[in-house]
Amino acid sequence: MPETPILPLLDPPAGAPRHWLLGFSGGRDSTVLLHALACRARHEGRRLRALHVHHGLHPEADAWAAQCAAFAAQLGVPFEVRRVAVRLVGRGLEDAARQARHAAFASALCEDECLVLAHHRGDQAETLLLALLRGSGERGLAGMRPFTHDARGPVWRPLLATPPAAVQAYAETHGLRWVEDPTNAELRFDRNRLRHEVLPLLQSHWSGAGAALAHSATHLAEADALLQTQARADLAPLLSLDGRSLALDGLHALPPERARRALRRWMDDAGVRPTRDALERVLGPWRGQPRGRALRHAQGRHWLRQWGGRLWLTPRRAAAPPPMPVPWEGRAPLPLPDGGELTLLGAPMLASPLRLAFRADAPARIHLAGAPRPRRLSDCLAGFGIPPWQRESVPLLLDGQGDVLAIADLAYAPAFDAWLRQHRARLAWRPGEAGG
């Protein structure tokens, strides 16, 4: 009697969330993994759930969801279907469906739960080949990680070292039935062409090609981890306290390859995918520009900006509507259009209500405490080191005559400064996310 094939699974690392949410497409690989994990979860006292994302892109999608529900019920695994809208704006179909699926996973994940995906060693080999063909760097060539954190949350891939033949043998031995999505055979998709044409050709000449490619991805992942550690060390002394800007002098002092990695690390940490063009601008043409010249370059939904010897990342968005002319008495924090707020500390309320305004609606000149004569408001804002794109959103407080009494918590008119000192009070400005 033939032995039952063993399905090798990678263990989650120590400290990983205890419970599991399996992304269950109903295909062979996720069906096998759900079957294998159901017994293990019961034995280890873990909660296992299965989530099927319904893209609504195929006539059989409802039948696939029903088949998934029936199999999960057979195993006693809680099951959920989430329907998503696949939006093709600026994306291909594959990418749009992936983005919708990722958003569904992120919203479904519970506390102390990690997302479990059924990628195996063959998928890893395909990922490495795709990355090579796209000219990716070491991060892309490292392929998928067995355990990682991304926008979806913690992600575990227990089959990543398992050859596809072992997955197939397990499915056949246990008599498992799975969904056959016909789009998986369509050669117009890059990954399918690699799977059905390129990899079989490679393996016909080099029988261990799939395993060798997966091993290379593992070695590259180790190299990438070392490089990322170096990048974070290079980045640390260059960051502002809030992490929103980066010192250019320190960046340019690094060797070019380390500067690129540090810059890429900073943008990645901010959730912005850096393009080669952006990196080349910062380390090339922008390098010789005057410090006072404001430069910007679009990066998806953000602007990469240079000004005052620093780099900034700000969201691209429409200007916030002007505030309603509601008088502020200081009893509660004053909400600002950019999501920030202005607060009076040390006193229960102001001596008289003041009006919120911004530079476009304020007098051109202001008399500040300690200054011999009035100054231009624009000069004051520049002197405080406020970047040009943020100056329109700096909150100003005006009195009944329309005179500026306060530039946020940065400077005050003489009378208002005296009142604050008398009451041992002060203003506190918390800016929102800088955009524009």
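Structure first, text after, so check above.
Residues numbered from 1 in each chain as written. Predicted model: local features only at pLDDT ≥ 70, side-chain atom pairs only at ≥ 80, totals over all residues. Heavy atoms only, no water.

**Student:** So what exactly am I meant to see when it comes to the overall build of the protein chain here?
**Tutor:** Regarding its fold elements, the protein chain presents 13 helices and 20 strands. What you see for the protein chain is a C-alpha radius of gyration of 29 Å, clearly larger than the 22 Å of a compact globule of 436 residues, by over 25%. Each principal axis of the C-alpha atoms in the protein chain carries an extent, and together these give about 100 × 50 × 40 Å. Counting the 436 residues in the protein chain, one finds 43% classified as buried. For the protein chain, restricting intrachain contacts to residue pairs at least 6 apart in sequence, the fraction spanning at least 24 positions comes to 65%. Of the roughly 23,200 Å² that the protein chain leaves accessible, carbon and sulfur atoms contribute 54%. The averaged location of the 43 negative side-chain charges in the protein chain is 5 Å from the averaged location of its 55 positive side-chain charges. (Helix = DSSP H or I, 4+ residues; strand = E, 2+ residues; numbered from the N terminus. Rg over C-alpha atoms; globule rule 2.2 N^0.38 Å. Buried < 20%, exposed > 50% of the residue type's maximum accessible area, 1.4 Å probe, protein only. Contact = heavy atoms within 4.5 Å. Areas by Shrake-Rupley, 256 points an atom, 1.4 Å probe, with all protein chains shown as cover. Lys, Arg positive; Asp, Glu negative; His and termini not counted. Charge placed at Lys NZ, Arg CZ, Asp CG, Glu CD.)

**Student:** Got a minute to help me understand the sheet that holds strand S11 (residues 327–328) in this structure?
**Tutor:** Neighbouring strands of a sheet are bound in pairs by backbone hydrogen bonds; such pairs are parallel or else antiparallel. With antiparallel pairing, the 5 strands of this open sheet are ordered in space as S11-S14-S17-S18-S19. For this open sheet the edge positions go to S11 and strand S19 (411–412), each flanked by a neighbour on one side alone. Relative to strand S17 (residues 396–398), strand S14 (residues 354–357) runs antiparallel, the two being bridged by 3 bridges. Bridge pairing in S17 places Arg 355 opposite Leu 398. (Pairing = 2+ DSSP bridges.)

**Student:** Looking at this structure, I do not really get the nonpolar core. What am I missing?
**Tutor:** Within soluble globular proteins, side chains that are nonpolar generally end up buried alongside one another. Residues Trp 328, Leu 344, Leu 397, Ile 407, Phe 416 and Leu 427 are the most contacted members of the largest nonpolar core, which totals 36 residues. Among the secondary structure elements, those contributing two or more residues to this core are strand S13 (341–345), S14, helix H12 (377–383), S17, strand S18 (404–407), S19, helix H13 (414–422) and strand S20 (426–430). Looking at which element gives the most residues to this core, the answer is S18, with 4 residues. Apart from the residues within four sequence positions on either side, Leu 344 is in contact with Trp 328, Gly 330, Met 349, Leu 350, Leu 420, Ala 425, Arg 426 and Leu 427. In this structure, Leu 34, Ala 36, Val 167 and Leu 176 belong to the second largest nonpolar core, which totals 27 residues. (Core = buried A, V, L, I, M, F, W, Y, C linked by side-chain atoms within 4.5 Å.)

**Student:** Please explain the environment of Ile 6 as it appears in this structure.
**Tutor:** Looking at the secondary structure, you find Ile 6 in the segment before strand S1 (19–23). Taking relative accessible area as the criterion, Ile 6 reaches 73% and is therefore assigned exposed.

**Student:** Is there a simple way to think about the sheet that holds strand S7 (residues 245–247) in this case?
**Tutor:** Here 4 strands make up an open sheet; going across it, the order is S7-S10-S9-S8 and the pairing antiparallel. Pairing within the sheet leaves two strands with one partner each, and these edge strands are S7 and strand S8 (295–299). Averaged over all neighbouring strand pairs, the angle between strand axes comes to 20°, with direction disregarded. Where helix H10 (residues 256–269) meets the sheet, its contacts fall on S7, S8, strand S9 (302–307) and strand S10 (310–315), and the angle it forms with S10 comes to roughly 25°. (Axes fitted to C-alpha atoms, helices over the stretch in contact; angles between N-to-C directions.)

**Student:** Teacher, can you tell me more about the packing of aromatic side chains here?
**Tutor:** Two aromatic rings are characterised by how far apart their centres lie and by the angle between their planes. Taken as a whole, this structure holds 6 aromatic pairs when the rule is applied. For the pair Phe 24 and Phe 71, a centre-to-centre distance of 6.3 Å together with 45° between the ring planes defines the contact as tilted. Here Phe 24, found in the loop between S1 and helix H1 (28–44), pairs with Phe 71, found in helix H2 (residues 61–75); they are 47 residues apart in sequence, far enough to count as distant. Side by side, Phe 24 and Phe 71 carry an identical accessibility label, which is buried. Ring geometry for Phe 24 against Phe 79: centres 6.5 Å apart, planes inclined by 85°, an arrangement best described as edge-to-face. Placement of the pair is Phe 24 in the loop between S1 and H1 and Phe 79 in strand S3 (residues 79–83), with a sequence separation of 55 residues. Since its relative accessible area comes to 25%, Phe 79 is described here as partly exposed. (Phe/Tyr/Trp six-rings, centres within 6.5 Å; stacked < 30°, edge-to-face > 60°.)

**Student:** Got a minute to help me understand helix H11 (residues 276–283) in this structure?
**Tutor:** It helps to recall that an α-helix has 3.6 residues per turn; residues three or four apart then point in one direction. Within the span of H11, buried status applies to Ala 278, Leu 279 and Val 282. Down the axis, H11 shows its buried residues gathered within 100° of arc, on one side only. (Arc of directions from axis to C-beta.)

**Student:** Even after reading the chapter, I still don't get the pattern of salt bridges, so can you show me in this structure?
**Tutor:** Should their charged atoms come close, side chains of opposite charge can pair. Here the structure, examined in full by the defined rule, presents 27 salt bridges. Where Arg 281 meets Asp 277, a salt bridge forms, and the shortest distance between an N and an O atom there is 3.1 Å. Remark: Asp 277 and Arg 281 occur in helix H11; sequence separation between them is 4 residues, near one turn of the helix. Judged by relative accessible area, which is 30%, Arg 281 ranks as partly exposed. In the salt-bridge network here, residues are joined through shared partners; they are Arg 47, Arg 49, Glu 80, Arg 82 and Glu 113. (Salt bridge = Lys/Arg side-chain N within 4 Å of Asp/Glu carboxyl O.)

**Student:** Hey, could you run me through a nonpolar patch on the surface in this one?
**Tutor:** Residues Leu 57, Leu 88 and Leu 93 make up a contiguous nonpolar surface patch of roughly 270 Å² in combined accessible area. Looking at Leu 93, the relative accessible area reads 38%, which means it is partly exposed. (Patch = residues over 30% accessible without salt bridge, like charges linked within 9 Å, V, L, I, M, F, W, Y side chains within 5 Å.)

**Student:** I tried to follow unusual backbone geometry on my own but got confused; where do I start?
**Tutor:** Excluding glycine, residues mostly carry a negative phi; peptide bonds, for their part, are mostly trans. The phi angle at Asp 112 is positive, at roughly 55°, despite the residue not being glycine. Of note, Asp 112 is situated in the loop between helix H3 (93–108) and strand S4 (113–116). Not every positive phi belongs to a glycine, and Arg 424 is a case in point at roughly 50°. Of note, Arg 424 is situated in the loop between H13 and S20.

**Student:** Explain the environment of His 215 to me, please; I cannot follow it from the model alone.
**Tutor:** Within the secondary structure, His 215 is located in helix H8 (residues 209–235). Judged by its relative accessible area of 49%, His 215 falls in the partly exposed class.

**Student:** Explain the side chain of Asp 338 to me, please; I cannot follow it from the model alone.
**Tutor:** Tracing the backbone shows Asp 338 in the loop between strand S12 (334–335) and S13. Asp 338 gets classed as buried once you look at its relative accessible area, which sits at 17%. A distance of 2.9 Å separates a polar atom in the side chain of Asp 338 from the backbone nitrogen of Gly 340. (Polar contact = N/O pair within 3.5 Å; in protein donor to acceptor, adjacent residues only side chain to side chain.)

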